[in-house]
Amino acid sequence: MSEDVLPLLRSFLIERYEQIKHNLIMKLGNPELAGDALHETWLRLQRSAAIPGPILNPQAYLIRMAVNVSIDIRRSQSQLLSASDVQSLMDELPDPAPGPAQVAEDRSQLEALDDILAHMAPRRREILLLVRLEGWAQRDVAKKLDLSLRTVEYELKAAQDHCTVRLNRRNNRPS
């Protein structure tokens, strides 16, 4: 039966070319690649001496074969860039570092936050810094400071609200 498989696949590809191509376009998302893959699949079927059979679903077999061919095509089209090519591309990228104006604004914000923290109650400040700066879990802060979890939650919210109100006042924004 294996000698009948190759002509069957060839005739199946010819008869259902448009349907197979449509399915392949849906899988690959690229009509040009689908056409190239089907063309190469046809050429491979022409060059093949034999394909082991039986094949229960010729259409699925041809689509799988074409998908594999498309993978080969994509691999052959991909190129590695030279170091000079990479450097020229890197030179075209904008500098991610903040400009002088942004640095000045950020420093001003940090100074304001530092001043706000300096005028906050010590326990409230410690809770805020442990949770927001150090990344501690509220439960762990409660254990460390020998407080209830509810107290830590309350103090954290109050500290955040305090910072928001003071920063908005400083920036002349309504809170």
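Everything quoted here is computed from the prediction, not taken from an experiment.

The rules we used
- Residues numbered from 1 in each chain as written.
- Predicted model: local features only at pLDDT ≥ 70, side-chain atom pairs only at ≥ 80, totals over all residues.
- Heavy atoms only, no water.
- Helix = DSSP H or I, 4+ residues; strand = E, 2+ residues; numbered from the N terminus.
- Rg over C-alpha atoms; globule rule 2.2 N^0.38 Å.
- Buried < 20%, exposed > 50% of the residue type's maximum accessible area, 1.4 Å probe, protein only.
- Contact = heavy atoms within 4.5 Å.
- Lys, Arg positive; Asp, Glu negative; His and termini not counted.
- Charge placed at Lys NZ, Arg CZ, Asp CG, Glu CD.
- pLDDT = per-residue confidence, 0-100.
- Core = buried A, V, L, I, M, F, W, Y, C linked by side-chain atoms within 4.5 Å.
- Salt bridge = Lys/Arg side-chain N within 4 Å of Asp/Glu carboxyl O.

(A) Structural detail: the overall build of the chain. Along the backbone of the chain there are 9 helices and 0 strands. For a compact globule of 175 residues, the expected C-alpha radius of gyration is about 16 Å, and the chain comes in at 33 Å, more than 25% above that figure. Summarising its shape, the C-alpha atoms of the chain cover approximately 90 × 45 × 30 Å along the three principal directions. Taken across its 175 residues, the chain has 26% of its residues classed as buried. For the chain, long-range pairs separated by at least 24 residues make up 64% of all intrachain contacts whose partners lie at least 6 apart in sequence. Across the chain, the centroid of the 23 positively charged side chains sits 8 Å from that of the 24 negatively charged ones.

(B) Structural view of the confidence of the model for the chain. Residue-level pLDDT values for the chain average 86, and 93% of them are 70 or greater. For the chain, per-element mean pLDDT is lowest for helix α5 (residues 83-92), which scores 74, and highest for helix α8 (residues 138-145), which scores 96.

(C) Here's a closer look at the nonpolar core. Counting residues in each nonpolar core, the largest one holds 22 residues, and the members touching the most others are Leu 9, Ile 20, Leu 24, Leu 45, Ile 51 and Leu 62. Every element with two or more residues in this core is listed here: α1 (2-15), α2 (17-28), α3 (31-47) and α4 (58-77). Per element, the largest residue contribution to this core is 7 residues, and it comes from α4. In contact with Leu 24, other than residues within four places in its own chain, are Gly 29, Ala 34, Ala 37, Leu 38, Ile 63, Ala 66 and Val 67.

(D) Geometry of the pattern of salt bridges. Counted under the stated rule, the structure contains 7 salt bridges. A salt bridge links Glu 40 to Arg 47, with the nearest nitrogen and oxygen atoms 2.8 Å apart. Classification of Glu 40 as partly exposed rests on a relative accessible area of 21%. Take Arg 47: its relative accessible area is 55%, and that puts it in the exposed class. Residues participating in the shared-partner salt-bridge network are Glu 40, Arg 44, Arg 47 and Asp 72.

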